[in-house]
Amino acid sequence: MITLVYLARLREALGAAAEKIELPGDVRTVEALLAWLRGRGGAWAAELAPGRAVRVAVNYDMARAETPVKPGDEVAIFPPVTGG
Amino acid sequence: MPVRVQNEDFDIAREIAALRGNDPRVGAVAAFVGLVRDVNDAATVRSLTLEHYPGMTEKALQGIVEEARARWDVHDALVVHRVGELKPTDQIVLVVVIGAHRGEAFAACEFIMDYLKTRAPFWKKEQTPDGERWVEARASDDEKAARW
């Protein structure tokens, strides 16, 4: 299981704040996870489409496409930050 | 190197006094305060809602402050960032850096703000006369952070 957290505009667009999912066996990176989520279609495919400005954090650290994802992780998906 | 995320307003004088204490080695205090403006991208802003990602926010701010302290010869730094409902003229963020000399303190303060703008998980939603809208990230903020 991993915990997925959606924040700010993406939380509203996807209609979910958080969920727990069983990590598919072939999903081992952030890039693969995003591709798997896009497979849900609809808002998932549109909001997480390649080229959309989406940021990902794994266990509270900013992640990159190749960052590993493993069971027990908390993966947050959000738009570029706008604080300060 | 304290970092805080809070709903309440902050008192700049009190925060600076607490950070520098009675330390006679401190010769420079550099501070930045970010405020809510009433206009953004040509729209009137009535209020602003700031949300963050609890757990990551503090860690990200700590990391930024640690990096500043590693890069510049400064004694300590403080970041206070507000979340929740804010109105034009309200204070949003405070960065204070103390050190022996102004050059290092100024640079570290600007670095912390530039990195905060692109790496700390905060998001602003504006309430305008035409409704609500999420603030879009600016490319110029990425460029400023990339300078360092």
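Look a little higher up for the structure.
Predicted, not measured: the structure shown is a model, and the values here were computed from it.

Caption draft 1: Representation of the overall build of chain A within the structure. Scanning chain A from N- to C-terminus turns up three helices and five strands. Listing every helix and strand of chain A by position from the N terminus yields β-α-β-α-α-β-β-β. A compact globule built from 84 residues should have a C-alpha radius of gyration of about 12 Å, and chain A, at 12 Å, falls within 12% of that. Once the C-alpha set of chain A is aligned to its principal axes, its extents read approximately 35 × 30 × 20 Å. Classification of the 84 residues of chain A by burial places 26% in the buried group.

Caption draft 2: Region of interest: the pairing of strand E3 (residues 55-58) of chain A. All names here are of chain A. Looking at chain direction, E3 and strand E5 (residues 74-78) are connected through four bridges and run antiparallel. By the bridge assignment for E5, Val 58 is matched with Val 75. Bridging between E3 and strand E4 (residues 61-62) involves two bridges; their strand directions are antiparallel. From the neighbouring strand, Val 58 faces E4, where its bridge partner is Asp 61. Between the antiparallel neighbours E3 and E4 lie two residues, among them Asn 59 with a positive phi of about 50°.

Caption draft 3: Main features of the packing of helix H3 (residues 102-119) of chain B against helix H4 (residues 139-147) of chain B. All names here are of chain B. With their axes 8 Å apart at the nearest point, H3 and H4 run at an angle of 135° to one another. It follows from the interaxial angle that H3 and H4 lie oblique. In terms of crossing hand, the pair formed by H3 and H4 is left-handed. Residue-level contacts link Asp 114, Tyr 115, Lys 117 and Thr 118 of H3 to Asp 141, Asp 142, Lys 144 and Ala 145 of H4.

Caption draft 4: Spotlight on the sheet that holds strand E8 (residues 91-99) of chain B. All names here are of chain B. In spatial order, the strands read E1-E6-E8-E2; together these four strands make up an open sheet with mixed pairing. Lying at the two open borders of the sheet, with one neighbouring strand each, are strand E1 (3-6) and strand E2 (28-35). Adjacent strand axes in the sheet meet at a mean angle of 10°, parallel and antiparallel pairs treated alike. Bridge count for E1 against strand E6 (residues 74-82) is four bridges, and the pairing is parallel. Bridge pairing in E6 places Gln 6 opposite Arg 82.

Caption draft 5: Highlighting the interface of chain A and chain B. Listed by partner, the interface residues are 15 residues for chain A and 22 residues for chain B. For the side of chain A that touches chain B, the secondary structure elements donating two or more residues are helix H1 (8-14) and E5 of chain A. Classifying every residue of the side of chain A that touches chain B by side-chain character gives eleven nonpolar, three polar and one charged.

Caption draft 6: Local environment of the sheet that holds strand E7 (residues 84-86) of chain B. Residue and element names in this part refer to chain B. Strand order in the open sheet formed by four strands is E7-E5-E9-E10, with antiparallel pairing between adjacent strands. Two strands close off the open sheet at either side, each with one partner strand: E7 and strand E10 (131-134). Mean inter-strand twist for the sheet, computed between neighbouring axes without regard to direction, equals 25°. Two elements, strand E5 (residues 47-52) and E7, share three bridges in a ladder whose sense is antiparallel. Bridge assignment links Thr 49 to a residue of E7, and that residue is Glu 85.

Caption draft 7: Just the environment of Ala 60 of chain B, in detail. Residues and elements named next belong to chain B. Along the chain, Ala 60 turns up in helix H2 (residues 56-71). Sequence separation of Ala 60 and Asp 141 is 81 residues, and the distance between their C-alpha atoms is 17 Å. Among residues more than four places away in sequence, those in contact with Ala 60 are Arg 119, Ala 120 and Pro 121.

Caption draft 8: Representation of the packing of H2 of chain B against H3 of chain B in the model. All names here are of chain B. Interaxial distance between H2 and H3 falls to 10 Å at its minimum, and their mutual angle equals 150°. One way to sum up the angle between H2 and H3 is to call them roughly antiparallel. Between H2 and H3 lies a crossing of right-handed hand. Contacts between H2 and H3 involve Ala 60, Leu 61, Ile 64, Val 65, Ala 68 and Arg 71 on the former and, on the latter, Ala 108, Phe 111, Ile 112, Tyr 115, Leu 116 and Arg 119.

Caption draft 9: Structural detail: helix H2 (residues 30-38) of chain A. Residues and elements named next belong to chain A. Those residues of H2 that fall on the buried side of the exposure criterion are Val 30, Leu 33 and Leu 34. In an axial view of H2, the angular spread of the buried residues amounts to 100°, which keeps them on one side of the axis. Elements that come into contact with the buried residues of H2 comprise E3 and E5.

Conventions we followed
Residues numbered from 1 in each chain as written. Chains lettered and ligands numbered in written order. Predicted model: local features only at pLDDT ≥ 70, side-chain atom pairs only at ≥ 80, totals over all residues. Helix = DSSP H or I, 4+ residues; strand = E, 2+ residues; numbered from the N terminus. Rg over C-alpha atoms; globule rule 2.2 N^0.38 Å. Buried ≥ 20, exposed ≤ 12 C-beta atoms within 10 Å, placed from the backbone. Pairing = 2+ DSSP bridges. Axes fitted to C-alpha atoms, helices over the stretch in contact; angles between N-to-C directions. Parallel < 35°, antiparallel > 145°, perpendicular 65-115°, else oblique. Left-handed = near helix turned anticlockwise from the far one by under 90°. Contact = placed C-beta atoms within 7 Å. Nonpolar A, V, L, I, M, F, W, Y, C, P; charged D, E, K, R; others polar. Arc of directions from axis to C-beta.

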